[in-house]
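Structural characterization, general
The primary structure of each chain is shown beneath.
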Amino acid sequence: MLAMSDHSAEACTRLVYLGPDDNIITARSMDWKSDVATNLWVLPRGIERSGQAGSNSIAWTSKFGSVVATGYDVSTTDGVNEAGLNANLLWLVESEYPKFDQHSKPGLTIAAWAQYVLDNFATVAEAVAALEKEPFTIVTDNVPGENRLTTLHLSMSDATGDSAIVEYINGRQVIHHSRVYQVMTNSPVFDQQLALNTYWKQIGGTVMLPGTNRAADRFARASFYVNAIPKDKNPNLALASVFSVIRNVSVPYGLNTPQEPNISSTRWRTVFDHKRKLYFFESALTPNTFWVDLNALDLTKESGKVMKLDLGENQDHTYSGDATLNFRVARPFEFLGLAK
């Protein structure tokens, strides 16, 4: 696995704003070297799922409806559920997953890792309690169209402001669970990111902050700014501040740095208002920001409606404002996994 991993990793950033009156907002950027073929999907409760890991796959039925952003329409790379839980997958080249044995613990394709969390849990604490028992083995495969393994770590946040980061290091699951873990980027592993950030805290963000697009520098800037912005009681002003922070740590579109192949352009950003259950999406190629109102969706099992919002090539379709009614009933996408 490590031999096949590629250090030309993709870059992303995730941060959580802890505001007054339970005003919790999570933002993330998706940085990728090419079109990640993202669309938005509405997934109701009651969907029966398989871990897509062959004959020994974990199985479950979704307890919560969700709105998700896909990667290549074969995986959930970002999303939120109706209980206010947010899940994000970011690249981590150091990831090393346990060996999968078809005859022991059931497998779960990495493509459905975030979806498993969104389907089953209302809070970070619930998810962590379940994941600590390691009910499955993560099964990874090559990135679609590429000759390198998918190596990811998972972040979660909820309506209380709680956070957790889940990594697989040297084949072992490592969970960092605390409300103080507001920021996640990419390499190095989370423990080392925290150590690097301690150095910048000692200097102070008003004195100097690292300005490059490297993961450690984005971590330092996001950590400072997400706590330095005003804790405004007006939710729209808070949203504006959070958007400004995630844009600050984004990578300019079209940037090509040959000596830094791990740096990729920001393709899109999402921002989730946990309290109002508004899921915002912003493409780097369009001038508009739009949102999906989870309160206005029928996520019941009885509806049975899987719906899709087609974002177009490079997410260049222009939506503006409330796009909830622009979704159309569609055949569900299939998670990429092992052949049965």
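Each remark here, short or long, concerns the structure printed above.
Quick summary incoming for the structure in this document. (Residues numbered from 1 in each chain as written. Predicted model: local features only at pLDDT ≥ 70, side-chain atom pairs only at ≥ 80, totals over all residues. Heavy atoms only, no water.)

**So, the sheet that holds strand 13 (residues 172-177)**
- The strand order across the open sheet formed by 9 strands is 13-12-11-8-7-6-3-18-20, and the pairing between neighbours is antiparallel. This sheet does not close on itself; its edge strands, each paired only once, are strand 13 and strand 20 (328-329). (Pairing = 2+ DSSP bridges. Helix = DSSP H or I, 4+ residues; strand = E, 2+ residues; numbered from the N terminus.)

**Concerning the nonpolar core**
- Formed by 85 residues in total, the largest nonpolar core has its most connected members in Leu 40, Trp 113 and Met 156.
- Broken down by element, the residue count for this core peaks at 6 residues, all from helix 5 (residues 235-248).
- Excluding residues within four positions of it along the chain, Trp 113 makes contact with Leu 89, Leu 108, Phe 136, Ile 138, Leu 152, His 153, Leu 154, Val 166 and Tyr 168. (Core = buried A, V, L, I, M, F, W, Y, C linked by side-chain atoms within 4.5 Å. Buried < 20%, exposed > 50% of the residue type's maximum accessible area, 1.4 Å probe, protein only. Contact = heavy atoms within 4.5 Å.)

**Observations regarding the pairing of strand 6 (residues 66-71)**
- Counted residue by residue, strand 6 has 6 buried out of 6 residues, so it is predominantly covered.
- Where burial is concerned, the two faces of strand 6 agree: the one with Ser 66, Val 68 and Thr 70 and the one with Val 67, Ala 69 and Gly 71 are both buried.
- In terms of strand pairing, strand 6 meets strand 7 (residues 75-81) through 6 bridges, oriented antiparallel. By the bridge assignment for strand 7, Ser 66 is matched with Asn 81.
- Between strand 6 and the antiparallel strand that follows it, strand 7, lie 3 residues; Tyr 72 among them carries a positive phi value of about 60°.

**Quick notes on the environment of Trp 268**
- Note on placement: Trp 268 falls in strand 15 (residues 266-273).
- Separated by 15 residues in the primary sequence, Trp 268 and Tyr 253 have C-alpha atoms spaced 9.9 Å apart.
- In this structure the side chain of Trp 268 is engaged in a polar contact, spanning 2.9 Å, whose partner is the side chain of Thr 38. (Polar contact = N/O pair within 3.5 Å; in protein donor to acceptor, adjacent residues only side chain to side chain.)

**A short note on the pairing of strand 8 (residues 86-91)**
- Burial within strand 8 is extensive, with 6 of its 6 residues counted as buried.
- The alternating pattern of strand 8 places Asn 86, Asn 88 and Leu 90 and Ala 87, Leu 89 and Trp 91 on opposite faces, both of which are buried.
- Direction of pairing for strand 7 relative to strand 8: antiparallel, over a ladder of 3 bridges. Looking across to strand 8, one finds that Asp 78 is bridged to Asn 88.
- From the end of strand 7 to the start of strand 8, which pair antiparallel, there are 4 residues, and Gly 84 there has a positive phi angle of about 95°.
- Bridge analysis of strand 8 against strand 11 (residues 152-157) gives 6 bridges, and the strand direction is antiparallel. Each residue of the ladder has a partner; that of Trp 91, found in strand 11, is Leu 152.

**Looking at the side chain of Thr 286**
- Tracing the backbone through its elements, the reader meets Thr 286 in the loop between strand 16 (278-283) and strand 17 (289-293).
- Contacts of Thr 286, omitting those with residues within four sequence positions, involve Gln 315, Asp 316, His 317 and Thr 318.

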